[in-house]
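Survey of secondary and tertiary structure
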There are 2 protein chains.
Amino acid sequence: MLDREKQFIQTLRECGATFGIGDDGVVLDRFIYASDGFFEGVHFKRQWGDLKRQIAKCFYVNLSDIYAMNAIPKYALLTVCIPRDFKEGKNLAKDIAQIAKQNGVLLVGGDTLIGDKLHISLTLIGEKCKKLLYRKGIKIGDYLGYLEPKSALHLAKSQKFGKNIRHLKSALRFNAISKNSRFFTPKLYPKMLLELNLEAKAGMDISDGIFMELSRLSKINRIDFKILKKKGEWFYSPEEYQMLYALRKQKIQKAKKIALKNRHNLVIFAKAIRGKYQLKRRNWHS
Amino acid sequence: MLDREKQFIQTLRECGATFGIGDDGVVLDRFIYASDGFFEGVHFKRQWGDLKRQIAKCFYVNLSDIYAMNAIPKYALLTVCIPRDFKEGKNLAKDIAQIAKQNGVLLVGGDTLIGDKLHISLTLIGEKCKKLLYRKGIKIGDYLGYLEPKSALHLAKSQKFGKNIRHLKSALRFNAISKNSRFFTPKLYPKMLLELNLEAKAGMDISDGIFMELSRLSKINRIDFKILKKKGEWFYSPEEYQMLYALRKQKIQKAKKIALKNRHNLVIFAKAIRGKYQLKRRNWHS
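Residues numbered from 1 in each chain as written. Chains lettered and ligands numbered in written order. Predicted model: local features only at pLDDT ≥ 70, side-chain atom pairs only at ≥ 80, totals over all residues. Heavy atoms only, no water.

1. A short note on the overall build of chain A
A count of helices and strands for chain A gives 8 helices and 10 strands. Scored against the burial criterion, the 286 residues of chain A give a buried share of 58%. Counting contacts in chain A only where the partners sit at least 6 residues apart, residues at least 24 apart contribute 85% of the total. Only carbon and sulfur atoms are counted for the fraction: they give 50% of the accessible area of chain A, which is about 12400 Å². (Helix = DSSP H or I, 4+ residues; strand = E, 2+ residues; numbered from the N terminus. Buried < 20%, exposed > 50% of the residue type's maximum accessible area, 1.4 Å probe, protein only. Contact = heavy atoms within 4.5 Å. Areas by Shrake-Rupley, 256 points an atom, 1.4 Å probe, with all protein chains shown as cover.)

Given below as structure tokens:
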């Protein structure tokens, strides 16, 4: 399926109709934009229950993209298609309002319509902080790390980085999902991210799995990566919505400290080397 | 159906989650935003044929909102859901690219996904010109006018202002549509609009029919309107995507000249008076 989506974007590019696509968000002046569709039957099922959590996820995905570029989410444009058979339109609006407010986001426009299924298209607008963080900027000798919540009493095992691939597959197969998984309830740590962003040379939000993101980073930065950790679920799991950072060696200790202070481990898993990264496994859903 | 949509937005407002909603677009710094969903089965049917024209309409609706505020469309964020059974993804991308380029718009982001039906969510970003044009600013004694393409040899009768209500109803009933109607192929006259915008005190894009827009303008401006022209289709027809202007009496002649120069008639149809406007007929689709 990914191929058709890729082809679509590729064609838009070839026609010279695009500008600035390639990072988690696009930058115009002091504003950063991130858009995502969240469609019933594609990204979620109403049968999974707890719609508010699912809508929160839609927001988190975009919030995550804005923070990934070292910007602060401020405004949102929201297009909602409410299903004809859906009785709780008012509650839906209340939930959306609460999620927006909790995340410091004001709804400034959009569209509401009545249709077959519940579809949400969200455009988040962030304001940039001191410096923006891009996917480009990694040099040979830099290290890559991902963030993992520290195993502590308050964290379920299912919150561990790399478990989402299991949760997603089981959700799609059995129409049920572990409510503790980060796939269902991603968590954002804006304070930590904004602090870590300043130490990093480059960064991105992990959405399609680290093995896929490495391919993107390799192309943009014209480098290869030496993997320093045994490959496992952490390498393939999609939709983690955790940051992947590129750091100079001298910055690693400071970054690890910042992560620890926020109950996270910064796991260094690769080093940038000369060469071209070979994508050895296809995307999980192809 | 409109009631559920209204209720949804009303609830978001009551929850204090919105900001700046009420004009054709919302303003942040020098940028103006307009968002609209264009959903298969809700706004169009693939059976109507000529998909490119239908997508062009989706762009026009938003372009129209941007021009209505006296801004220039510059960028777009586009979320497209491509149906699984849809083979012409590449052509769709080419069409979208062409429409964007023809209208001076660069695609800066969005999302592409595969689903059941063809859905498009578009956010257009415009840059403001000298002054912005709002819905607010009408005083007692000002006149309202709408634009109508001048009957000339090159214009089909179906292009006349007020005919869209017929085209829309027949399209929904018979799955067929007159390709000459402005409902199917709205036309934009940016040069004329940007010139007229400077003469107007207030303005808005007519989307739900003049009788509905008067209700909105009445509330915002705390005035009533005396209708100067016999009510007919021109009064009720939705989706005209023509500008409604409020003008001082002294500006009417100049505005009429600008319209004529661009092969349009500026039809003066109401005068702002003291009082509160009573909406006497419900929306066409309720």
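Still more to cover.
2. Details of the interface of chain A and chain B
Taken together, the 61 residues of chain A in the interface contact 61 residues of chain B. For the pair chain A and chain B, the summed buried area comes to about 5300 Å², and 65% of that belongs to carbon and sulfur atoms. Interface area lost by chain A to chain B is led by R4(A), F8(A) and I114(A), which between them contribute 13%. Linking chain A to chain B there are 4 salt bridges. With a closest N to O distance of 2.3 Å, K117(A) and D116(B) form a salt bridge. At the junction of chain A and chain B, the tally comes to 20 residue pairs in polar contact (both at pLDDT 80 or more). Among the elements of the structure, α1 (2-14), β1 (26-28), β2 (31-39), β3 (71-83), α3 (89-102), β4 (106-115) and β5 (119-128) of chain A are those that each provide at least two residues to the side of chain A that touches chain B. Across the side of chain A that touches chain B, the residue classes tally to 32 nonpolar, 17 polar and 12 charged. (Buried area = accessible area lost by both parts, 1.4 Å probe. Salt bridge = Lys/Arg side-chain N within 4 Å of Asp/Glu carboxyl O. Polar contact = N/O pair within 3.5 Å; in protein donor to acceptor, adjacent residues only side chain to side chain. Nonpolar A, V, L, I, M, F, W, Y, C, P; charged D, E, K, R; others polar.)

3. Points about the packing of helix α5 (residues 190-199) of chain A against helix α8 (residues 252-261) of chain A
Residues and elements named next belong to chain A. Where α5 meets α8, the closest approach of the two axes is 10 Å, and the angle between their N-to-C directions is 180°. In terms of their interaxial angle, α5 and α8 are classed as roughly antiparallel. Seen from α5, the contacting residues are M192, E195, L196 and E199; seen from α8, they are K254, A255, I258, A259 and K261. When grouped by side-chain class, the residues that make up the contact of α5 with α8 number 5 nonpolar, no polar and 4 charged. (Axes fitted to C-alpha atoms, helices over the stretch in contact; angles between N-to-C directions. Parallel < 35°, antiparallel > 145°, perpendicular 65-115°, else oblique.)

4. Some details on the sheet that holds β3(A)
All names here are of chain A. One open sheet accounts for 5 strands, arranged β1-β2-β5-β3-β4; its pairing is mixed. Of all strands in the sheet, those with a lone pairing partner are β1 and β4, marking the two edges. With direction set aside, neighbouring strand axes in the sheet form an average angle of 20°. Where β3 meets β4, 9 bridges bridge the pair, whose relative direction is parallel. Residue pairing for β4: A76 is matched across the bridge by L107. This element, helix α2 (residues 51-68), spans β2, β3 and β5 of the sheet and lies at about 150° to β2. (Pairing = 2+ DSSP bridges.)

These results come straight from atomic positions and should not be treated as a statement about function.
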